[in-house]
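In case you want the letters, here they are:
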Amino acid sequence: MAAGHTTRRRMLAGLGAASALVLAGASQGRSGAGAALPAPPEIGAGRRRDVVLVAAERQGSPLGPGGPRLPLWTFGETPIPVLRLRLGDALHARVENRLREHTSAHWHGVRVPNDQDGVQYLTQPPIEPGQAYDYAFTPPDPGTFFFHPHCNEAGQVGRGLAGVLVVAGDEAEPSDGDIVLVSKDWRIGADGGWLPFETPEGASRSGTYGTRRSVNCQAAFACAVPAVANVRLRIVNLDSTRVLDLGVEGGEAAVIATDGNPVEPFPLESWRLGPAMRVDLLVRTPRAGQELRLIDYSASELYTLATLTSAGERRRHGPFVPAPLYASRIPAPDLAAAERLSFSFSATSGAPAAVLDGLASDDPLAKVLLDSLCTGERSFWAINKTSWPAGGHRALPPPLATLKAGRSYVAELVNRTPHIHPIHLHGHSFDVLSASRQTLPPMKADTILVQPRERVEIAFVAAPGAWMLHCHVLEHIDHGMMGWLKVAP
Ligand code: C2O
Ligand code: CU
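Enquirer: Would you take a moment to explain the layout of surface pockets for this structure?
Expert: If you roll a probe as big as a water molecule over the atoms, it shows you where there is empty space left. Put simply, the second largest pocket is a space of about 510 Å³. Of the residues that constitute the lining of the second largest pocket, the class distribution is 5 nonpolar, 7 polar and 7 charged.

Enquirer: I'm lost on the nonpolar core in this one. Help?
Expert: Here is a general trend for soluble globular proteins: nonpolar side chains tend to be buried in one another's company. Counting 65 residues, the largest nonpolar core has Leu 281, Phe 343 and Phe 460 as its most contacted members. For this core, the leading source of residues is strand S19 (residues 303–311), giving 4 residues. For Phe 460, the residues in contact, after removing those within four places along its chain, are Pro 333, Leu 341, Leu 403, Arg 407, Ser 408, Tyr 409, Ala 411, Leu 425, His 428 and Phe 430. Listed in part, the 37 residues of the second largest apolar core include Val 236, Leu 370, Ala 466 and Ile 477.

Enquirer: Hey, could you run me through the coordination of the copper ion (ligand 2) in this one?
Expert: In this structure, His 421 (ND1), Cys 471 (SG) and His 476 (ND1) serve as the protein donors to the copper ion (ligand 2), at separations of 2.0 Å. Summarised as a motif, the one-chain spacing of the donors to the copper ion (ligand 2) is H-x49-C-x4-H. Linking His 421 in strand S24 (residues 421–425) with Cys 471 in strand S29 (residues 465–471), this pair joins segments that are 50 residues apart in sequence. Exposure remark for His 421: the relative accessible area of 1% places this residue in the buried category. Residue classification places Cys 471 among the buried residues on the basis of a relative accessible area of 0%.

Enquirer: Explain the packing of aromatic side chains here, please?
Expert: In this description, an aromatic ring pair is defined by two values, namely the gap between the centres and the angle between the planes. Following the criterion strictly, the structure yields 9 aromatic pairs and no others. Between Trp 194 and Phe 197, the ring centres sit 5.4 Å apart and the planes meet at 55 degrees, which makes this aromatic pair tilted. Of the two residues examined, Trp 194 and Phe 197, each falls in the buried class. Within the aromatic cluster, the residues linked to one another by ring pairs are Phe 75, Trp 107, Tyr 133, Tyr 135, Phe 137 and Phe 147. The ring centre of Trp 73 lies 4.4 Å from the NZ or CZ of Arg 159, which sits over that ring. Over the ring of Trp 186 we find Lys 184; its NZ or CZ atom is 4.3 Å from the centre of that ring.

Enquirer: Help me understand the sheet that holds strand S27 (residues 447–450) in this model?
Expert: Across a sheet, strands are paired by hydrogen bonds formed along the backbone, either parallel or antiparallel in direction. Judged by pairing direction, the sheet is mixed, and its 5 strands sit side by side in the order S22-S30-S29-S24-S27 without closing on themselves. Two strands close off the open sheet at either side, each with one partner strand: strand S22 (401–404) and S27. If you compare each strand with its neighbour and ignore which way they point, the axes differ by 25 degrees on average. Sheet topology places S24 next to S27; 4 bridges connect them, and they run antiparallel. Bridge pairing links Ile 423 to Ile 448 in S27.

Enquirer: What is the right way to read the pattern of salt bridges from this model?
Expert: Side chains that differ in sign of charge can pair as their charged atoms come close. Scanning all chains against the criterion turns up 28 salt bridges. A salt bridge links Asp 141 to Arg 111, with the shortest nitrogen-to-oxygen separation between them at 2.6 Å. Of this pair, Asp 141 sits in the loop between strand S6 (132–137) and strand S7 (143–148) while Arg 111 sits in the loop between strand S5 (106–108) and S6, and the two are 30 residues apart along the sequence. Here Arg 111 falls in the partly exposed class, since its relative accessible area comes to 22%. Asp 280 is the salt-bridge partner of Arg 234, the closest N and O atoms lying 3.6 Å from each other. Of this pair, Arg 234 sits in strand S12 (residues 230–237) while Asp 280 sits in strand S17 (residues 278–284), and the two are 46 residues apart along the sequence. The network of salt bridges with shared partners includes Arg 84, Asp 170, Glu 171, Asp 178, Arg 232, Arg 234 and Asp 280.

Quick notes on the rules
- Residues numbered from 1 in each chain as written.
- Chains lettered and ligands numbered in written order.
- Predicted model: local features only at pLDDT ≥ 70, side-chain atom pairs only at ≥ 80, totals over all residues.
- Heavy atoms only, no water.
- 1 Å grid on protein atoms, 1.4 Å probe; cavity = no way out; pocket = protein on both sides within 12 Å on 5 of 7 lines; lining within 4 Å.
- Points joined across faces, edges and corners; volume = space filled by probe spheres on them.
- Nonpolar A, V, L, I, M, F, W, Y, C, P; charged D, E, K, R; others polar.
- Core = buried A, V, L, I, M, F, W, Y, C linked by side-chain atoms within 4.5 Å.
- Buried < 20%, exposed > 50% of the residue type's maximum accessible area, 1.4 Å probe, protein only.
- Helix = DSSP H or I, 4+ residues; strand = E, 2+ residues; numbered from the N terminus.
- Contact = heavy atoms within 4.5 Å.
- Donors = N, O, S within 2.8 Å, 3.2 Å for Na, K, Ca; no water.
- Phe/Tyr/Trp six-rings, centres within 6.5 Å; stacked < 30°, edge-to-face > 60°.
- Lys NZ or Arg CZ within 6 Å of the ring centre and 35° of its normal.
- Pairing = 2+ DSSP bridges.
- Axes fitted to C-alpha atoms, helices over the stretch in contact; angles between N-to-C directions.
- Salt bridge = Lys/Arg side-chain N within 4 Å of Asp/Glu carboxyl O.

Nothing here speaks to function; it is all geometry.
What follows is the structure, given as structure tokens:
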């Protein structure tokens, strides 16, 4: 499957994305992200929402009825559950661990207080088998988010341990429908069992691809939608590896949010969505009986992610004019006063992880140390020439940089490898200022694809705490491309 991902195809798809975006961005000022969006209302007092997420192995089919049954790891009876809150609601989530190994819940993209960020060893102790852990926070922003553990992600998320978090309350004009679409591939072998979730070839290159594709744990996801209606699609790329090139056929579509953050709506032509990234579309559905299809153009054969069939009476009249979401409440960085940071993402020799210094890899202590730092045996990747875990310390490596809370930063992300890396910063949504090999509209994100040899600039106001910065190709996390920022109060 990886063979279908030629550089040429990626480049062609990239050009498609660029031309669509140039059109969209033509009338927009670079620093004016969100300027034309309606001002958000006060956040009202919400409810307290209690949920219990029981992480356990459960037999199920990740491809829908009739698909192979496998031992999935899930947070509940339904694989990849969707939690829906309203802005202002307080989430109280108890995670019970009935797995054989430790776990946690990281609330990807949510600007949580640092101690709720769910990173084993950095922000909380691991949730050991048989233990439970309580998270409590009120998401400060609406949007489309997800949650997943933060150690052995390739193995845990690879078996399905993740969920979606939707925080409603950003629609100035309500849509006529709201559908979550989670794209994820699975490593299923010919015998119907799991294939290894990591391979040296994948871990040291663009990642190991799944063998079977799914959306919402179905091989061919389809559903009914109201006819001639404005339906919101919340698309989550939950795959460990695959980059999607999204397009819509059979109806009109506009991009309205990136990683949950509102953008001035622009027509969708092609949108590249790396692992962990989300995009919200507003689509105008066709007349009753007709279909709208969400397509991934990245593979050698087009893959239909979802087929939406219109039914019932038409809901809208007149042309499709997508209404913008309320503007973001995220503090805007002061670019003139910002301090500059630089992070360079590179390959290493594939040397044994630093934690193994002086230890044989079959030494039981080595296993404990590797596990306690959430790392694989070999380091293929580095940030600023440092592989996680750094320097042979049998403890947390030092931070990549020390920042000051409330200050503005401009960080350049430089990809010195021939592979794509979706780079994620915890606890922040940053402004994407520039990208040397993509034309992007003014947008905020928490995960940004950095193309081979590309330089991307992001800006943000630092929030206090210890925040991970890493690639979201799950095997790259386990093999060195991870670090953290210390933000002093
Ligand atoms: Cu979804 Cu540290 O990431
Ligand atoms: Cu990577």
